[in-house]
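The chain contents come next:
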Amino acid sequence: MYGMIHRGIREMVVELKGAEAWSEIEQSCAIGPVELISAVVYDDAMTLAIVGAASQVLEMDVPTCLKHFGRYWIRFAERGSYGALMNFTGQNLTTFIANLDRMHASVALALPQANTPSFSVVGSDGPEIRVRYWSSREGLEPFVVGLLEGLLDRFGEIGTVTQCDAKSNGTDFVITLADT
Ligand code: HEM
């Protein structure tokens, strides 16, 4: 994945555990600044190794670490050069999710090797929003849970995110908004 993902993980680790914890990861994964260039693409195996090492220093299992990172990623992306793009993507949760593929397509203009997932809103019933996620990668569903929780935060909503069983056309997630 692109180095900007690695930079996001670094910021999360430094925020939660300090710069020393990131140095441990650099050593255990044999990486340095060269592996952190935002616009360079690295093998997914490296990204997964960094996530694995981060889960150890943060004392979380890998799915929990991915979920934390998903939630963190929304704040990280808002702060960076793509913050304006996020503002154009939608002013409420449902519209934003419905426009995510267009947003990733805009990101891919700058990062043409990005292999981005697909999201669609497949149902909306009272407090429930059903979101379908499709990816060519496996195992990133906890990251998606965290991302959707991060979007709840972004829009000042309170709710829960539940993952449904995977199907051939993707995995559904149900966001249930709390009565406020
Ligand atoms: C402006 C904000 C964002 C930027 C710049 C961005 C950019 C990227 C990039 C560069 C990748 C890696 C692709 C690759 O290297 O092959 C990626 C992956 C991913 N993005 Fe985004 N993204 C943003 C927001 C979001 C949001 C809001 C969501 C969902 C709520 C999301 C969901 C994902 C997921 C799940 C992946 C992992 C790849 C996969 O599932 O196959 N992203 N994104």
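In every chain, residue numbers begin from 1 and rise along the written sequence. Since the coordinates come from a predicted model, pLDDT governs what is reported: local features require at least 70, and pairs of side-chain atoms require 80 or more to be given and counted, while whole-chain, interface and lining totals use all residues. Note that the side-chain values use all heavy atoms of the structure and ignore hydrogens as well as water.

Undergrad: Even after reading the chapter, I still don't get helix α3 (residues 44-57), so can you show me in this structure?
TA: Note that an α-helix has 3.6 residues per turn; residues three or four places apart therefore point the same way. Taking 1.5 Å per residue as the helical rise, α3 with its 14 residues ought to reach 20 Å, and the 20 Å between its terminal C-alpha atoms agrees with that figure. Considered for burial, the residues of α3 that qualify are Thr 47, Ile 50, Val 51, Ala 53, Ala 54, Ser 55 and Val 57. In what follows, residue pairs with any heavy atoms lying within 4.5 Å of each other are defined as contacts. The numbering of helices and of strands both runs from the N terminus, where a helix is a DSSP run of H or I of at least 4 residues and a strand a run of E of at least 2. Of the surrounding secondary structure, the elements contacted by the buried residues of α3 are α1 (3-17), α2 (19-28) and α4 (62-79). Once α3 ends, the next one or two residues include Glu 59, with phi positive near 55 degrees. By this rule the span expected of a helix is its residue count minus one, scaled by 1.5 Å. To sort residues, take the accessible area from a 1.4 Å probe on protein chains only and compare it with the maximum for the residue type: under 20% means buried, over 50% means exposed, and anything in between is partly exposed.

Undergrad: Got a minute to help me understand the domain arrangement of the protein chain in this structure?
TA: Interfaces are often described in size by the accessible area the parts lose on coming together. For the purposes of this description, domain bounds are those given by an automatic or database domain assignment. Segmenting the protein chain into domains produces domain 1 (3-59) and domain 2 (91-177). Relative to domain 2, the C-alpha centre of domain 1 lies at a distance of 24 Å.

Undergrad: I would appreciate a short explanation of the nonpolar core in the present structure.
TA: Side chains of nonpolar character tend, in soluble globular proteins, to be buried together. We call a set of buried Ala, Val, Leu, Ile, Met, Phe, Trp, Tyr and Cys residues a nonpolar core when their side-chain atoms join them within 4.5 Å. Ranked by internal contacts, the top residues of the largest apolar core, which has 51 residues, are Val 13, Trp 73 and Ile 175. Considering each element in turn, this core owes the most residues, 8 residues, to α4.

Undergrad: Would you mind going over the packing of aromatic side chains with me for this structure?
TA: For any two aromatic rings, the description comes down to two numbers: the centre-to-centre distance and the angle of the planes. Pairing of aromatic rings covers Phe, Tyr and Trp, the last through its six-membered ring, and needs centres within 6.5 Å; plane angles under 30 degrees mean stacked, over 60 mean edge-to-face, and all others mean tilted. Inspection of every chain in the model, using the stated rule, returns 6 aromatic pairs. Ring centres of Trp 73 and Phe 76 lie 5.3 Å apart, and the angle between their planes is 35 degrees; this geometry places the pair in the tilted category. Here Trp 73 pairs with Phe 76, and both are found in helix α4, just 3 residues apart, close to one helical turn. Under the relative-accessibility criterion, Trp 73 is labelled buried at 15%. Aromatic pair Phe 119 and Tyr 133: ring centres 5.3 Å apart, planes at 40 degrees, arrangement tilted. Of this pair, Phe 119 sits in strand β1 (residues 118-125) while Tyr 133 sits in strand β2 (residues 128-134), and the two are 14 residues apart along the sequence. For Phe 119, a relative accessible area of 7% gives the class buried. Taking the relative accessible area as the measure of exposure, Tyr 133 reaches 5% and is therefore buried. These aromatic residues form a ring-pair network of at least three members: Phe 69, Trp 73, Phe 76 and Phe 143.

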